[in-house]
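Analysis of the macromolecular model
Take a look at the letters that make up each chain.
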Amino acid sequence: LMPGKYRFSGILVEVFHQKLFSALASAGEGDVCPNQQAPAELELVRFEAHERLEDTLSRWTHRICSISSSLLLDVNNFGGIPPYRIYARLLDAAPLKRIIADLRKLDLYLTGNGFKPLETSNRHMIRIAGTVNPAKFDNILYKLGRVEFREPVKICGLLLQRKTQDEWISLRQFYFSL
């Protein structure tokens, strides 16, 4: 039985998605985000596990979220990582450290079942979903660099996703209750 790849992403409030899409459209780059329903994602942690562990991981995550409060982050303009990743910069990722520390409680369960602990990124950013044509990347990044985009974004919960083939499918949503 092969383990699956999983991740927890922050659930961004809808109004942020709308403002982000408007900013991209005003720069003439609305095609950077082909999916207007969910144009951005904030990955917090990744891990591997067997599918049979999903229920227990979900129960633990539900408990973590039931005693956690929403996070407010400030987004400051756009950036990019060649050849095709465009992202919105977080001014300060410190508020994410609290929820990531809470998710570390899952490490004991994962390692007890023979898996590695959660992997976190040193570089938190709100990745803009959709791919950019690598030939147009520099031009798009130049245009977006001229757009003033400062927005607060509220993270209201966590989204558990599993990777199938080359895409992430959503399994469960967990909302913060405080």
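Now for a look at the structure at hand.

Conventions we followed
Residues numbered from 1 in each chain as written. Predicted model: local features only at pLDDT ≥ 70, side-chain atom pairs only at ≥ 80, totals over all residues. Heavy atoms only, no water. Helix = DSSP H or I, 4+ residues; strand = E, 2+ residues; numbered from the N terminus. Rg over C-alpha atoms; globule rule 2.2 N^0.38 Å. Buried < 20%, exposed > 50% of the residue type's maximum accessible area, 1.4 Å probe, protein only. Phe/Tyr/Trp six-rings, centres within 6.5 Å; stacked < 30°, edge-to-face > 60°. Axes fitted to C-alpha atoms, helices over the stretch in contact; angles between N-to-C directions. Contact = heavy atoms within 4.5 Å. Nonpolar A, V, L, I, M, F, W, Y, C, P; charged D, E, K, R; others polar. Polar contact = N/O pair within 3.5 Å; in protein donor to acceptor, adjacent residues only side chain to side chain. Pairing = 2+ DSSP bridges.

Let's talk about the overall build of the protein
A tally of helices and strands in the protein yields 5 helices and 8 strands. In the protein, the order of α-helices and β-strands from amino to carboxyl end is β-α-β-α-β-β-α-α-β-β-α-β-β. In terms of overall dimensions, the protein is globule-like: its C-alpha atoms have a radius of gyration of 17 Å, near the 16 Å expected for 178 residues. With respect to the three principal axes, the spread of C-alpha positions in the protein is 50 × 35 × 25 Å. Across the 178 residues of the protein, 46% fall into the buried class.

Overview of the packing of aromatic side chains
Per the stated rule, a full pass over the model turns up 5 aromatic pairs. Ring centres of Trp60 and Tyr109 lie 5.4 Å apart, and the angle between their planes is 45 degrees; on these two criteria the pair is classed as tilted. Placement of Trp60 in helix α2 (residues 54-66) and of Tyr109 in helix α4 (residues 105-112) is noted, with a sequence separation of 49 residues between them. The exposure class of Trp60 is partly exposed, given its relative accessible area of 27%. Judged by its relative accessible area of 17%, Tyr109 is buried. Consider the rings of Phe78 and Phe149, whose centres lie 5.1 Å apart with planes at 15 degrees: the pair is stacked. Here the residue Phe78 occupies a position in strand β3 (residues 71-81), and Phe149 occupies one in the loop between α5 (137-145) and β7 (150-164), the gap between them amounting to 71 residues. By the ring-pair criterion, three or more aromatic residues cluster together here, those being Tyr6, Phe8 and Phe47.

Observations concerning the packing of helix α3 (residues 94-103) against α4
Interhelical geometry of α3 versus α4 gives an angle of 35 degrees and a closest axis separation of 4 Å. In this structure, α3 contributes Ala101, Asp102 and Leu103 to the contact, and α4 contributes Lys105, Leu106 and Asp107. Split into classes, the residues belonging to the contact of α3 with α4 amount to 3 nonpolar, no polar and 3 charged.

What to know about the side chain of Ser9
Within the element layout of this structure, Ser9 appears in strand β1 (residues 4-12). Within the structure, Ser9 has its side chain in polar contact with the side chain of Gln161 (distance 3.4 Å). Those residues in contact with Ser9 that sit more than four places away from it in its chain are Leu42, Glu43, Leu44, Gly157, Leu158, Leu159 and Gln161.

Points about the pairing of strand β2 (residues 40-49)
Burial runs high along β2: 7 of the 10 residues are buried. By the bridge criterion, 7 bridges tie β1 to β2 in an arrangement that is antiparallel. What sits directly across from Gly10, in β2, is Leu42. Strand direction decides the pairing type here: β2 and strand β6 (residues 125-128), joined by 2 bridges, are antiparallel. Within β6, the residue paired with Glu41 across the bridge is Arg127. Two strands pair when backbone bridges link them, and β2 and strand β5 (residues 119-120) are joined in this way by 2 bridges, in the antiparallel orientation. Bridge pairing links Val45 to Thr120 in β5.

Digging into the environment of Tyr6
Inspection of the secondary structure puts Tyr6 in strand β1. We classify Tyr6 as buried; its relative accessible area is 2%. For the pair Tyr6 and Arg59, spaced 53 residues apart in the sequence, the C-alpha separation amounts to 16 Å. If we skip the residues at most four places from it in the chain, Tyr6 touches Val45, Arg46, Phe47, Ala49, His50, Glu51, Glu54, Leu160, Gln161, Arg162, Trp168 and Leu171. One polar contact links Tyr6 to Glu54, side chain to side chain, over a distance of 2.6 Å.

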